[in-house]
Amino acid sequence: MDRTPSPMQRPISGRAYYRRKLAAGKTPMEAMRALKRRLSDIVYKQMIKDATKPGTGLGGHVGATLQSSAADRIPMIDTSEQSLPGPAEPQPRTPLLAAS
């Protein structure tokens, strides 16, 4: 069975960061939390950088606009999509047969 190695088993800079935290006296759980925080900070900074890049629209995507591409401006609600006028009526239950 081919198993994908965890991030701590791969030779990446995260492992070195994790080991530095352990050497600084952090518990393994605290060191992993610090590594996760560092990775999330890197991802967040890249997302902000992408979103503010010239030529991008909403969410940092090229070509995204505020205008809808739907055919109708305001879609009409069909009768099957409208909510019921009140609470549902209780339905009689069929008694279950005893198992033999």
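Predicted model, so just to flag it, every value in this text is computed and none were measured.

*Asks:* Please give an account of the overall build of the chain that cites residues and values.
*Replies:* Along its length, the chain carries two helices and zero strands. The buried share of the chain, reckoned over its 100 residues, is 8%. Residue pairs in contact within the chain that sit at least 24 positions apart in sequence constitute 6% of those at least 6 positions apart. In the form shown here, the chain has an accessible surface area of approximately 9,700 Å², with 59% of it arising from carbon and sulfur atoms.

*Asks:* Describe the pattern of salt bridges, with residues and values.
*Replies:* Across all of its chains, the model carries one salt bridge by this definition. Two residues, aspartate 41 and arginine 37, come together in a salt bridge whose shortest N-O distance is 3.2 Å. Note that aspartate 41 and arginine 37 are positioned in helix 2 (residues 28–51) at a spacing of four residues, about one turn of the helix. Using a relative accessible area of 56% as the deciding quantity, one classes arginine 37 as exposed.

*Asks:* Lay out helix 1 (residues 13–23) with the relevant residues and their values.
*Replies:* Taken together, the buried positions of helix 1 are Gly14, Arg15, Tyr17 and Tyr18. Seen from one end, helix 1 has its buried residues packed into an arc of 160°, which puts them on one side. For helix 1, exposure combined with an orientation more than 90 degrees from the buried face picks out Ser13, Arg19 and Ala23. Against the buried residues of helix 1 lie helix 2. Just past helix 1, the residue glycine 25 takes up positive phi, approximately 100°.

*Asks:* Break down the nonpolar core for me, citing the residues and quoting the values.
*Replies:* Counting five residues, the largest nonpolar core is built from Tyr17, Tyr18, Ala31, Ala34 and Leu35. In terms of residues, this core owes the most to one element, helix 2, which gives three residues. Non-local contacts of tyrosine 17, meaning those with residues more than four positions away in its chain, are made with Ala34, Leu35 and Arg38.

*Asks:* Could you give me a rundown of the environment of alanine 16, with the residues and numbers involved?
*Replies:* Here alanine 16 is to be found in helix 1. A sequence separation of 19 residues divides alanine 16 from leucine 35, and the C-alpha atoms of the two residues are 10.0 Å apart.

*Asks:* Can you lay out the packing of helix 1 against helix 2 for me, pointing to particular residues and giving the numbers?
*Replies:* In the contact formed by helix 1 and helix 2, the axes pass within 9 Å of each other and the chain directions differ by 140°. Taken together, the axes of helix 1 and helix 2 lie oblique to each other. Here helix 1 runs over helix 2; the crossing is right-handed. Contacts from Gly14, Tyr17, Tyr18, Arg20, Lys21 and Leu22 in helix 1 reach Pro28, Ala31, Met32, Ala34, Leu35 and Arg38 in helix 2. Classifying every residue of the contact of helix 1 with helix 2 gives eight nonpolar, one polar and three charged.

Conventions adopted
Residues numbered from 1 in each chain as written. Predicted model: local features only at pLDDT ≥ 70, side-chain atom pairs only at ≥ 80, totals over all residues. Heavy atoms only, no water. Helix = DSSP H or I, 4+ residues; strand = E, 2+ residues; numbered from the N terminus. Buried < 20%, exposed > 50% of the residue type's maximum accessible area, 1.4 Å probe, protein only. Contact = heavy atoms within 4.5 Å. Areas by Shrake-Rupley, 256 points an atom, 1.4 Å probe, with all protein chains shown as cover. Salt bridge = Lys/Arg side-chain N within 4 Å of Asp/Glu carboxyl O. Arc of directions from axis to C-beta. Core = buried A, V, L, I, M, F, W, Y, C linked by side-chain atoms within 4.5 Å. Axes fitted to C-alpha atoms, helices over the stretch in contact; angles between N-to-C directions. Parallel < 35°, antiparallel > 145°, perpendicular 65-115°, else oblique. Left-handed = near helix turned anticlockwise from the far one by under 90°. Nonpolar A, V, L, I, M, F, W, Y, C, P; charged D, E, K, R; others polar.

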